[in-house]
Amino acid sequence: MKRIKLLILLIIGLTFTNVDAAQLYELIPVDTPATIETEHFIYKDFYYNNNQMQAEGLNSNHVIFPIIENKTKEEIPVSISFGVFNKDKENIGTINYCSTKDKYTFATKTIGPESEVAYSIPVMQMDLADGADIKDVAYISVYDENIKCSNVNSINDEGKTIEDLQKDSDNPHAKVDKNTKYFIYIVAGAFGLLILVLIIKRLVTGGKTQQDLIREQYQNITPHTEPVTEPITTPPTVPITQPVTQPPENSDLMNMFK
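Reading the values: the criteria
- Residues numbered from 1 in each chain as written.
- Predicted model: local features only at pLDDT ≥ 70, side-chain atom pairs only at ≥ 80, totals over all residues.
- Heavy atoms only, no water.
- Pairing = 2+ DSSP bridges.
- Helix = DSSP H or I, 4+ residues; strand = E, 2+ residues; numbered from the N terminus.
- Phe/Tyr/Trp six-rings, centres within 6.5 Å; stacked < 30°, edge-to-face > 60°.
- Buried < 20%, exposed > 50% of the residue type's maximum accessible area, 1.4 Å probe, protein only.
- Salt bridge = Lys/Arg side-chain N within 4 Å of Asp/Glu carboxyl O.
- Contact = heavy atoms within 4.5 Å.

Enquirer: In this structure, what is going on with the pairing of strand S3 (residues 41-49)? I would like to understand it.
Expert: On a regular strand, one side chain projects to one face of the sheet and the next to the other, so that they alternate. Where strand S2 (residues 34-37) and S3 come together, 3 bridges link them in antiparallel fashion. Opposite alanine 34, over in S3, you have phenylalanine 46 as the bridge partner. Across 7 bridges, the pairing between S3 and strand S4 (residues 60-70) is antiparallel. Looking at the pairing, tyrosine 48 lines up with valine 63 of S4.

Shown next as structure tokens:
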């Protein structure tokens, strides 16, 4: 009877316990299979293939996915975001993968509705932080399914623990990809340079505006003088006199007075 109870407990345990099931933001040792289910995918029995010969010869390795299942009723790309960690459990690289933006793979670009594919994703030296090596990878951790299909790897994760990254995941603004970070630097630098130019210009001009300077230059070229106005005088009126004319001597009028 006791043996029957133990057998029943064992069957129940095997039925409801998946020994290789893992969670997001869980450190998984290299060469250790794990299965993670997300909203759109089931990544079954995947593992980081820690091939030392490939690491030394090609400076790369692969994450092997024997099965990726598309849970949806739509055709979607293969996508995932995961990080790799060294023996001290510090992040040394983050890969945001999307099959439709992978120019070098000959594998299928999409998974059909409720279908499965086998897949492998490379982890290359260029994906790692400065000073890190492919041979340093000791753990892998899946962050999310990257359903928005980003293919720009983050540099903000480097050196962080999985606990730090999980806290950052609650803040959508915590992660900034490399191109976005460079753009922010450029904009901030240009704005700072503009402010510096305005300050220097204000010091040189003594705080005067451009209109003030133009007005001063004009005054130096054409001195300002008040117009001279003369009083308006009315000319004196001269009486008009008619000249007195005398009649000629031989006229009848003159003869009458003689």
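Enquirer: Is there a simple way to think about unusual backbone geometry in this case?
Expert: Phi at asparagine 59 takes a positive value of approximately 55°, unusual for a residue other than glycine. Note on placement: asparagine 59 falls in the loop between helix H2 (52-58) and S4. Positive phi, normally seen in glycine, also occurs at cysteine 149, with a value near 65°.

Enquirer: Would you take a moment to explain the packing of aromatic side chains for this structure?
Expert: Aromatic rings in a pair are described by how distant their centres are and how their planes are angled relative to each other. Tallied over the full model, the rule gives 5 aromatic pairs. Residues tyrosine 25 and tyrosine 143 carry aromatic rings whose centres are separated by 5.1 Å and whose planes lie at 15° to one another, so their mutual orientation is stacked. One end of the pair, tyrosine 25, is in the loop between helix H1 (2-16) and strand S1 (28-29); the other, tyrosine 143, is in strand S10 (residues 139-144), and 118 residues separate them in sequence. In this pair, the class of tyrosine 25 matches that of tyrosine 143, namely buried. When the ring of phenylalanine 41 is compared with that of tyrosine 43, the centres are 5.5 Å apart and the planes differ by 35°; the resulting orientation is tilted. Judged by its relative accessible area of 1%, tyrosine 43 falls in the buried class. Taken together, the ring pairs connect Phe41, Tyr43, Phe46 and Phe65 into an aromatic cluster.

Enquirer: What's the story with the pattern of salt bridges in this structure? I'm lost.
Expert: Working definition: two side chains of opposite charge can pair if their charged atoms are close together. One pass over the full model with this rule turns up 5 salt bridges. In this structure, the salt-bridge partner of lysine 71 is glutamate 37, at a minimum N-O distance of 3.0 Å. Here the residue lysine 71 occupies a position in the loop between S4 and strand S5 (76-77), and glutamate 37 occupies one in strand S2, the gap between them amounting to 34 residues. Residue classification places lysine 71 among the partly exposed residues on the basis of a relative accessible area of 31%. The salt bridge involving glutamate 116 is made with lysine 44; its shortest N-O contact spans 3.4 Å. Taken as a pair, glutamate 116 in strand S9 (residues 116-124) and lysine 44 in strand S3 lie far apart in primary sequence, 72 residues in all.

Enquirer: Can you help me understand the environment of asparagine 151 in this one?
Expert: As for its position among the elements, asparagine 151 is in the loop between S10 and helix H3 (162-169). Here the alpha-carbon distance between asparagine 151 and asparagine 96, two residues 55 residues apart in the chain, equals 5.1 Å. Apart from residues lying up to four places away in sequence, asparagine 151 is in contact with Asn96 and Lys101.

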